[in-house]
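Breakdown of the fold
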Amino acid sequence: MYNQVLHDHLDGGLRPSTAKEIAKRINYKPINEIDDVAYFFDRSSSTSLEDYLEAFTHTIALMQTYNNLEQIAYEAAVDMHQNNINFYESRYAPFYSVNDDLSPKDVLKAINSGFKQAESDFGIVSGLILCGMRHDPENVKAVAELAIEFKELIIGFDIAGPELNYLPSMYKDSFLKVKNEGINITIHAGEGDGVHSIQEALDNGAKRIGHGVRLIEDISDDNELGPTADHILQNNIPLEVCITSNLHTNMYKNPQDHPISRLHNLGFNISLNTDNRLMSNTSISKEIEIAKSLGISDVDRLLKYSASDSFFD
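Here's what I pulled together on the structure shown here. (Residues numbered from 1 in each chain as written. Predicted model: local features only at pLDDT ≥ 70, side-chain atom pairs only at ≥ 80, totals over all residues. Heavy atoms only, no water.)

This part takes up the pairing of strand β4 (residues 156-160). For β4, a buried count of five out of five residues is recorded, marking the element as mostly surrounded by other parts of the structure. In β4, alternate side chains face the same way, and those of G156, D158 and A160 on one face and F157 and I159 on the other are all buried. In this sheet, β4 lies alongside strand β3 (residues 125-133) in parallel orientation, the contact comprising five bridges. Its bridge partner lying in β4, C131 is registered against D158. With respect to chirality, the unit in which β3 leads through helix α8 (residues 137-149) into the neighbouring parallel β4 is right-handed. (Buried < 20%, exposed > 50% of the residue type's maximum accessible area, 1.4 Å probe, protein only. Helix = DSSP H or I, 4+ residues; strand = E, 2+ residues; numbered from the N terminus. Pairing = 2+ DSSP bridges. Right-handed = clockwise from strand over helix to strand, strands pointing away.)

Pairing is parallel across the open sheet formed by four strands, whose spatial order is β5-β6-β7-β8. Edge positions in the sheet fall to β5 (186-189) and β8 (270-272), since each of these pairs with one other strand and no more. Put simply, the sheet's adjacent strands are angled 30° from each other on average, direction ignored. Bridge analysis of strand β7 (residues 239-241) against β8 gives three bridges, and the strand direction is parallel. Across the sheet, the residue bridging to V241 is L272, located in β8. (Axes fitted to C-alpha atoms, helices over the stretch in contact; angles between N-to-C directions.)

All right, on to a negative patch on the surface then. A cluster of acidic residues, D136, E138, E145, E149 and E152, forms a negative patch at the surface. Considering the arrangement of structural elements, one finds E145 in helix α8. (Patch = residues over 30% accessible without salt bridge, like charges linked within 9 Å, V, L, I, M, F, W, Y side chains within 5 Å. Areas by Shrake-Rupley, 256 points an atom, 1.4 Å probe, with all protein chains shown as cover. Salt bridge = Lys/Arg side-chain N within 4 Å of Asp/Glu carboxyl O. Lys, Arg positive; Asp, Glu negative; His and termini not counted. Charge placed at Lys NZ, Arg CZ, Asp CG, Glu CD.)

Bringing the packing of helix α6 (residues 66-82) against helix α7 (residues 104-122) into the picture now. At a minimum axis distance of 7 Å, the contact between α6 and α7 shows a crossing angle of 40°. Classified by chirality, the crossing of α7 by α6 is right-handed. Mapping the contact onto sequence places Y66, L69, E70, A73, Y74, A77, V78 and H81 in α6 and D106, V107, K109, A110, I111, S113, G114, F115, Q117, A118, D121 and F122 in α7. Each residue belonging to the contact of α6 with α7 can be placed in one class, and the counts come to 12 nonpolar, four polar and four charged. (Left-handed = near helix turned anticlockwise from the far one by under 90°. Contact = heavy atoms within 4.5 Å. Nonpolar A, V, L, I, M, F, W, Y, C, P; charged D, E, K, R; others polar.)

Taken as a whole and judged by the stated rule, the model has six aromatic pairs. Summarising the aromatic geometry, the rings of F87 and Y305 are spaced 4.4 Å apart at their centres and angled 25° between planes, so their arrangement reads as stacked. With F87 in strand β2 (residues 87-92) and Y305 in the segment after α14 (284-293), the pair connects residues that are 218 residues apart, well separated along the chain. Residue class for F87 comes out buried when judged on its relative accessible area of 15%. (Phe/Tyr/Trp six-rings, centres within 6.5 Å; stacked < 30°, edge-to-face > 60°.)

Turning our attention to unusual backbone geometry. The backbone of N84 sits at a positive phi, close to 65°, despite the residue not being glycine. Tracing the backbone shows N84 in the loop between α6 and β2. Within the chain, N250 stands out as a residue other than glycine whose phi angle is a positive 70°. With respect to the helices, strands and loops of the structure, N250 is situated in the loop between α12 (243-248) and α13 (260-265). Looking at N250, the relative accessible area reads 33%, which means it is partly exposed.

If you want it as structure tokens, here you go:
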């Protein structure tokens, strides 16, 4: 059986040891001057999604050279392999690494080089999903254009960042252009915003929903489905669920409050994912244990590779 991870951010999954190593190399003081890097990045006590996202300013600062990007991508894929994952879909906002020495194409090539080396060494197949940052409409537009220009180097397009007040419909032109080029679309929705954001993601070409757990708000206590929930169930649209991350962004107070079990029991297509392994101190193995503790006995099915869910050709 093949296992896959569909939702994991490259800049949210650095090894603490690598973060320290690179910080020393470039003299990045916020990390260079601390002892416990894992604790520094830990966002388990975040008060909101926005608070959680602050940590990324520090990982991105370490992702400004070709070699650093290549190393980080390689290690991300290797770490997934060590958790018995065969197909790994990783996402990143490429313009965060563009500088005087790195062109947008260089960023894509560096990440893919790391992925290819991991595939050569361990057999894990990895692909890159490009993220536009939804609080910056010009960035979303530029990332969409980059995705189209270099679509042979990527497997999909997404928008990430704060959801509230930044609905997918704001970027409908970019989504349409990407969709018309045959590029797969997944959209963060139903995490920092409600069911309407999930519906807008569907309306703008999303084949999968990043997080999507607030779909539960479209389901009554007696399991009557609203229109968005019904559409997702009937069309078997995958929800890229990240339990620990949802707890750390203060969506739910404890695992028992998380809707994954109920959504799973109702027959929704749930994919179990890591989101940000560094900030949430997690791995796919840890997510599996949490899912099992919530009564999901067939966790393996939430990781099973499906050609219809995957963005790999």
